[in-house]
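Summary of the model geometry
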Amino acid sequence: LPVIRAQGSPDYVPEANFYKVEAILRPWRIPQVSSALLKMGIRGVTVSDVRGFGAQGGSTERQAGSEFSEDNFVSKVKMEIVVSKDQVEEVIEKIIQEARTGEIGDGKIFLTPVADIIRVRTGERGEKAERMTGGRSDMSSTGSSA
Ligand code: ATP
Ligand code: GLN
């Protein structure tokens with residue numbers, strides 16, 4: 001497949017230090033996406049099984065009496081990844097690269113500013129809470145390529 005990138009300039013308003021990248025993807029692509037993210041030092045990821053309705057979702061016809069039938073919802077996986085601002089674009093590019101088939105139903109990515117992060121175990125906030133053991137800074141300090 002040709003390389004596809006997110007087009008135009010990203011909209012980061014309102015400004016924040018951290019953003020949540022929320023990707024709704026094909027379930028069978030998740031292992032590929034998550035191992036690629038792990039390789040770039042992204043170790044904090046939340047995954048949920050969801051069902052959705054998009055361009056792929058069933059027929060465009062309206063059922064008598066309702067605009068959609070529950071039967072048309074398609075199983076997807078939602079990945080939520082909170083990262084520092086300077087990691088957002090590489091995460092988005094990686095998700096596109098690993099999740100894309102080119103067919104309808106590849107999914108969508110939503111970007112949301114995150115006001116703060118608090119690690120429950122320690123009470124740390126912000127950058128300290130965002131940083132994961134084995135994450136990017138650990139990878140670069142051990143000399144392996146990020
Ligand atoms: P600790 O250092 O105490 O182990 P931690 O920051 O590594 O804390 P965990 O307790 O391992 O956090 O994470 C709990 C859950 O929080 C994870 O299973 C994952 O679902 C979610 N999570 C953690 N960090 C992120 C992140 N950056 N983005 C999305 N989800 C995250
Ligand atoms: N930026 C963090 C780190 O480099 C990782 C963030 C994440 O795993 N979601 O440690």
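First things first, this report covers the structure right here in the doc. (Residues numbered from 1 in each chain as written. Chains lettered and ligands numbered in written order. Predicted model: local features only at pLDDT ≥ 70, side-chain atom pairs only at ≥ 80, totals over all residues. Heavy atoms only, no water.)

Right, let's get into the packing of helix H1 (residues 30–39) against helix H2 (residues 88–99). For the pair H1 and H2, interaxial distance at closest approach is 9 Å and the crossing angle is 145°. Our pair here, H1 against H2, has a crossing hand that is right-handed. The segment H1 lies against H2, with Gln-32, Val-33, Ala-36 and Leu-37 engaging Val-91, Lys-94, Ile-95, Glu-98 and Ala-99. Within the contact of H1 with H2, the residues separate by chemical class into 6 nonpolar, 1 polar and 2 charged. (Axes fitted to C-alpha atoms, helices over the stretch in contact; angles between N-to-C directions. Helix = DSSP H or I, 4+ residues; strand = E, 2+ residues; numbered from the N terminus. Left-handed = near helix turned anticlockwise from the far one by under 90°. Contact = heavy atoms within 4.5 Å. Nonpolar A, V, L, I, M, F, W, Y, C, P; charged D, E, K, R; others polar.)

What follows is about the sheet that holds strand E4 (residues 108–114). Across a sheet, strands are paired by hydrogen bonds formed along the backbone, either parallel or antiparallel in direction. Strand order in this open sheet of 4 strands is E2-E3-E1-E4, and the pairing throughout is antiparallel. In this open sheet, the two edge strands, each paired with only one partner strand, are strand E2 (46–52) and E4. Going from strand to strand, the sheet's axes swing by 25° on average, the running direction of each strand aside. As judged from the 8 bridges shared by strand E1 (residues 18–25) and strand E3 (residues 74–84), these two strands associate in the antiparallel manner. Among the inter-strand pairings, Ile-24 is bridged to a residue of E3, identified as Lys-78. Running over the sheet, H1 touches E1 and E3 and is turned about 10° from E3. (Pairing = 2+ DSSP bridges.)

Locating Met-132 in the fold gives a position in the loop between helix H3 (126–130) and helix H4 (136–141). When the C-alpha atoms of Met-132 and Ile-42 are compared, they prove to be 8.0 Å apart, with 90 residues separating the residues in sequence. Those residues within four positions of Met-132 in sequence are excluded, and the remaining contacts are Arg-43, Gly-44, Arg-119 and Asp-138.

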